[in-house]
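# Coordinate inspection notes
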Amino acid sequence: MRDLLVTDSVSKKFGDFTALNKVSIRVPEGSIFGLLGPNGAGKTTLIRIINQITMPDEGSVTLDGEPLAPHHIRQIGYLPEERGLYKSMKVGEQAIYLAQLKGLSKAEAKKRLKTWFEKLEIGDWWNKKIQELSKGMAQKIQFVVTVLHQPKLLIFDEPFSGFDPINANLIKDEILKLRNEGATVIFSTHRMESVEELCDDIALLDRSNKILEGSLLDIKKHYKTNTYEVGLVTSNEAELRRIISSRFKYDPAEFKSLNEDLKLNIKLSSNETSNELLNFLSSHAEVNHFNELVPTANEIFIQTVKRNAI
Amino acid sequence: MNHLGLVIKREYLTKVRNKAFIIMTILSPLIIIGLLAVVAYLSQLNSSRERTITVLDETGVVSDILEESESLKYLFLEDMTLEEAKEVVKVNENYGLLYIADHDSISEIAKQVKFFSEDTPSLTLITSIESKLERKLTEIRLQQQGVDIDKLRSSQTKIDIGQESFLGEKTSKIDNVLKLAFGGFAGYLLFMFIIIYGNMIMRSVIEEKTSRIIEVIISSVKPIQLLMGKIIGTSLAGITQFVIWVILGSVFMAIMAGIFGLDMTSMQQPQQELMQQAMETPEVNIQAQTIINSIYNLPLTNLIVAFILFFIGGYLLYSSLYAAIGAAVDNETDTQQFLMPILIPLILAVYVGAFTVIEDPHGTISTVFSYIPFTSPVVMLMRIPFGVPIWQQLISLLLLIGTFMFTVWFASKIYRVGILMYGKKPSYKELIKWLKY
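These numbers were taken from a predicted model, which means no experiment stands behind them.

Before going further, it helps to spend a moment on the overall build of chain A. Scanning chain A from terminus to terminus reveals 10 helices and 14 strands. Taken along the three principal axes of its C-alpha coordinates, chain A extends 75 × 45 × 35 Å. Considering chain A as a whole, with its 310 residues, one finds that 51% of them fall into the buried category. Approximately 15,000 Å² of chain A is accessible, and the part contributed by carbon and sulfur atoms is 48%. If the 41 positive side-chain charges of chain A are averaged to one point and the 42 negative ones to another, these points end up 6 Å apart.

Quick look at the overall build of chain B now. Along its length, chain B carries 18 helices and six strands. A burial count over chain B gives 41% of its 437 residues as buried. In chain B, the share of contacts with a sequence separation of at least 24, taken over all contacts with a separation of at least 6, comes to 69%. Surface summary for chain B: the accessible area is close to 24,600 Å², and the carbon and sulfur share equals 64%.

What follows concerns the environment of F21(B). Residues and elements named next belong to chain B. Within the secondary structure, F21 is located in helix α2 (residues 19-48). Residue F21 is classed as buried on the basis of its relative accessible area, which comes to 10%. Sequence separation between F21 and G238 is 217 residues, and the spatial gap between their C-alpha atoms is 9.8 Å. Excluding residues that lie within four positions of it along the chain, F21 makes contacts with K15, V16, M200, A237 and Q241.

This part takes up the interface of chain A and chain B. How big an interface is tends to be expressed through the accessible area that disappears when the partners come together. The interface of chain A with chain B comprises 27 residues on the first partner and 25 residues on the second. Summed over both partners, the interface of chain A with chain B buries about 2,600 Å², with 56% contributed by carbon and sulfur atoms. Counting across the interface, chain A meets chain B through three salt bridges. Across the pair E215(B) and R48(A) runs a salt bridge, and its minimum N-O distance is 2.9 Å.

Residues and elements named next belong to chain A. Here helix α10 (residues 297-309) is 13 residues long and its end C-alpha atoms lie 18 Å apart, about the 18 Å a rise of 1.5 Å per residue gives. Those residues of α10 not exposed but buried are A297, I300, F301, T304 and V305. Down the axis of α10, the buried set is contained in an arc of 115°. They therefore lie on one face. What points out from α10, more than 90 degrees from its buried face, is the exposed set K306 and A309. Those residues of α10 hidden inside the fold are in contact with β3 (32-36), α6 (192-198), β9 (201-206), β10 (209-215) and α7 (216-223).

Below, the discussion takes up the pattern of salt bridges. This structure, assessed with the given rule, holds 28 salt bridges over all chains. In this structure, E29(A) and R2(A) form a salt bridge, with 2.9 Å as the shortest nitrogen-oxygen distance. Residue E29(A) is located in the loop between β2 (17-28) and β3, and its partner R2(A) is located in the segment before β1 (3-14); the two are separated by 27 residues in the primary sequence. Taking the shortest distance from any N to any O, the salt bridge between E174(A) and K177(A) comes out at 3.5 Å. Of this pair, E174(A) and K177(A) both sit in helix α5 (residues 165-180), three residues apart, which is roughly one turn of the helix. Within the structure, one salt-bridge network assembled from shared partners comprises R10(B), E11(B), K15(B), E207(B), E208(B) and K230(B).

Another aspect to go through is the pairing of β1(A). For β1(A) and β2(A), the ladder comprises eight bridges, and the chain directions are antiparallel. By the bridge assignment for β2(A), K13(A) is matched with T18(A).

When the domains of chain A are assigned, the result is domain 1 (3-221) and domain 2 (225-292). Taking the mean C-alpha position of each, domain 1 of chain A and domain 2 of chain A sit 44 Å from one another.

Let us look at the packing of helix α2 (residues 91-101) of chain A against helix α3 (residues 106-119) of chain A. All names here are of chain A. Running from amino to carboxyl end, α2 crosses α3 at an angle of 125°, the nearest separation of the two axes being 9 Å. Regarding the angle of α2 to α3, the classification is oblique. Considering only the axes of α2 and α3, their crossing is right-handed. Of the residues in α3, those touching α2 at V91, G92, A95, I96, A99 and Q100 are K106, A109, K110, L113 and F117.

The next thing to look at is the packing of aromatic side chains. Under the defined criterion, the tally for this structure stands at 18 aromatic pairs over all chains. Taking the centre distance of 6.4 Å and the plane angle of 55° together, the rings of Y86(A) and Y97(A) count as tilted. Of the two residues, Y86(A) sits in the loop between β6 (76-79) and α2 while Y97(A) sits in helix α2, which places them 11 residues apart along the sequence. For the pair shown, Y86(A) and Y97(A) are each scored as buried. Relative to F355(B), the ring of Y351(B) lies with its centre 5.9 Å away and its plane at 20°, an arrangement referred to as stacked. Note that Y351(B) and F355(B) are positioned in helix α14 (residues 336-357) at a spacing of four residues, about one turn of the helix.

A few words now on the sheet that holds strand β2 (residues 72-77) of chain B. Residue and element names in this part refer to chain B. If you walk across this open sheet you meet the four strands as β2-β1-β3-β4, and the pairing is mixed. Two strands bound the open sheet, and with one partner strand each, they are β2 and β4 (114-117). For this sheet the average axis-to-axis angle between neighbouring strands, irrespective of direction, equals 25°. Sheet strands touched by helix α3 (residues 82-92): β1 (51-57), β2, β3 (96-100) and β4. Its angle to β3, the strand with the most contacts, is close to 160°. Its contacts with the sheet place helix α5 (residues 123-144) against β1, β2, β3 and β4, and it is angled at close to 155° to β4.

What follows covers the environment of N167(A). Turning to its location among the elements, N167(A) is positioned in helix α5. Separated by 25 residues in the primary sequence, N167(A) and Q142(A) have C-alpha atoms spaced 13 Å apart.

A separate point is the sheet that holds β2(A). Read from one edge of the open sheet, four strands run β2-β1-β4-β5 (chain A), paired in antiparallel fashion. The sheet is open, and its two borders are formed by β2 and β5 (66-67) of chain A, each paired with just one other strand.

Here we take up the packing of helix α13 (residues 300-328) of chain B against helix α16 (residues 376-383) of chain B. All names here are of chain B. Across the interface, α13 lies against α16 with an axial gap of 9 Å and an inter-helix angle of 170°. Looking at the two axes, α13 sits roughly antiparallel to α16. From α13, L303, A306, F307, F310 and G314 reach across to α16, where they touch S376, P377, M380 and L381. Grouping the constituent residues of the contact of α13 with α16 by class yields seven nonpolar, two polar and no charged.

Think of an α-helix as 3.6 residues a turn; residues three or four steps apart then line up on the same face. Residue and element names in this part refer to chain A. Buried within helix α9 (residues 274-282) are the following residues: L277, F280 and L281. For α9, the angular spread of buried residues about the axis comes to 95°, placing them on one side. Turned more than 90 degrees away from the buried face of α9, the exposed residues are N275 and N279. In this structure, the buried side of α9 is in contact with β11 (227-233), α8 (237-247), β13 (262-267) and β14 (286-292).

Before going further, it helps to spend a moment on the environment of S71(B). Inspection of the secondary structure puts S71(B) in the loop between β1 and β2. Each C-alpha atom of the pair S71(B) and T52(B) lies 8.3 Å from the other, and the pair is 19 residues apart in sequence.

Basis of the calculations
- Residues numbered from 1 in each chain as written.
- Chains lettered and ligands numbered in written order.
- Predicted model: local features only at pLDDT ≥ 70, side-chain atom pairs only at ≥ 80, totals over all residues.
- Heavy atoms only, no water.
- Helix = DSSP H or I, 4+ residues; strand = E, 2+ residues; numbered from the N terminus.
- Buried < 20%, exposed > 50% of the residue type's maximum accessible area, 1.4 Å probe, protein only.
- Areas by Shrake-Rupley, 256 points an atom, 1.4 Å probe, with all protein chains shown as cover.
- Lys, Arg positive; Asp, Glu negative; His and termini not counted.
- Charge placed at Lys NZ, Arg CZ, Asp CG, Glu CD.
- Contact = heavy atoms within 4.5 Å.
- Buried area = accessible area lost by both parts, 1.4 Å probe.
- Salt bridge = Lys/Arg side-chain N within 4 Å of Asp/Glu carboxyl O.
- Expected span 1.5 Å × (residues − 1).
- Arc of directions from axis to C-beta.
- Pairing = 2+ DSSP bridges.
- Domains from an automatic or database assignment.
- Axes fitted to C-alpha atoms, helices over the stretch in contact; angles between N-to-C directions.
- Parallel < 35°, antiparallel > 145°, perpendicular 65-115°, else oblique.
- Left-handed = near helix turned anticlockwise from the far one by under 90°.
- Phe/Tyr/Trp six-rings, centres within 6.5 Å; stacked < 30°, edge-to-face > 60°.
- Nonpolar A, V, L, I, M, F, W, Y, C, P; charged D, E, K, R; others polar.

Here you go:
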């Protein structure tokens, strides 16, 4: 797949503080790219460099194969974490103004806005001032303004903060839809559950360095431990434990279940398959829960960051 | 439309549509004119009250010099003692009693003149009576010493030195006063404009930060375009307001004059009377002629063009300083430490203009200050009426505009860096450091 955005050894210093240290990422076209990392890792600095708010001290950024230049602003839609709108301006007027700054004509901006406002059911806000709206309502407007000029690259920094679950879902669906229509999305967040749901690829920044990058699937495969979570129904628990321990390593497991099961995490060695385990178990007890333990993005995040800290 | 145009349009419309702005635009002239009307009404009330002054003159010299007017009557008493006269005044509720005791010598009479009244008498009234008495008594003494009053009057001489440059341009003292007045007016107007609208620009620059839209905006517009747009847009709004003030002010003034008849002008009646008196005497008539002449003598076209250009230039320069402050801080409370130094050069300019330019319009100090961008709008405008070569004016103007551009660039630099420094209060030292980023 072609890479829409490439940063090559980008470094940025503020005085003596290094915000980014030779960070290189590749954002494949048409994907949702999760830019993850703990607070102060340098995510926002990197995003600002991509938006040409600050310049890198070293390294280069290319968009669509061209070195980043002022005219690229029109191809980028940016929803910053620190966000707001002009409070005393009317919704419609403000959206048109911001769209015009991104190079849309007034008529075109108006047309697209109408469509979006209908889609999000906020048409009757057109003549309201931002200060009359709730925070969530203003966030919706902000989202529309970010995507209105149909940029190739969308950058969302914590897009779901301030939204209730219903609206967060609405926005999530819209982001997926935009991706399916061909847009590339960079998505920065601390919320790992939304990373699971949305991201195709991720990069993990920690203390100014990139410590992990790749497709979420590959990373998960790399981090998985061949452990299976099982729930077994048996009359003789001690006997069953003895039989299992003769062949596999296991730990007690914790999960919710309707039955009073024996709950175990069973780890396989690399030459054993899940089928062998299942056959083995079903010949000794009734299996009513069988699940491969795949590391969550959250676990990978914490694990990697901790390891990096050592 | 390009970005600058868009920003200007937005800034202008937001300012002009702002409710507080609209209210102030309409209310300010109303309040000022209303106050004027109240003052006019009160002073009219005051002067229309008829006053009667009782005069007890034992010498009999003043009866012919005290002229009655509509608001001032005299009641002359005769063959009475001072105590009786005081009683009369009290019974009649008169304004006061002028008492002139008789003596052999004029100087004794002069010492013994007294005015009795319930309240402290008006200063103008006393002064006018004093001067009339003085003149009369002086004349009597001169006559006593055998001086012919008519001859004395006719031999009084007045001198007004006619000034002329080698090129044949006639000038006069009045010329210089006029020139100074022009420069002073320009300086004052600039001062007012900067104070009223400078803060508005500063607040407008902070707006993006307080409403947190800054990152969205700055990822679409270059800071220099944003700041330039804000300065121009706000200035246009300011000019709009000012023009409306002038128009509304004149309209209200006309309406007031219509309602109160000639009340508004009656305020200046004393001065007008003086002027009229003065006009009747031939020498002053000539002087009025010179005033008009000297207005024509001023390099008018040059002045008007220079006024517009230097006014705009000066205003933009100072605005850009306000914008720079706005760029450096996160909220308005942090602006205090920066605000004071801004107006100092302007005050200095007015001083240089008032003390140096009038003394020596083309001396070193005047010339240097008319080049320095922060003082040139005032000092150069004061110098121009005395004749300044066009090339000097052009250099000064270019310096002014150049400095303006530099300040905006500087401000935009601070602005960009300021985004990354949320919540950090900037010091001057910090600002210099920011420039290196």
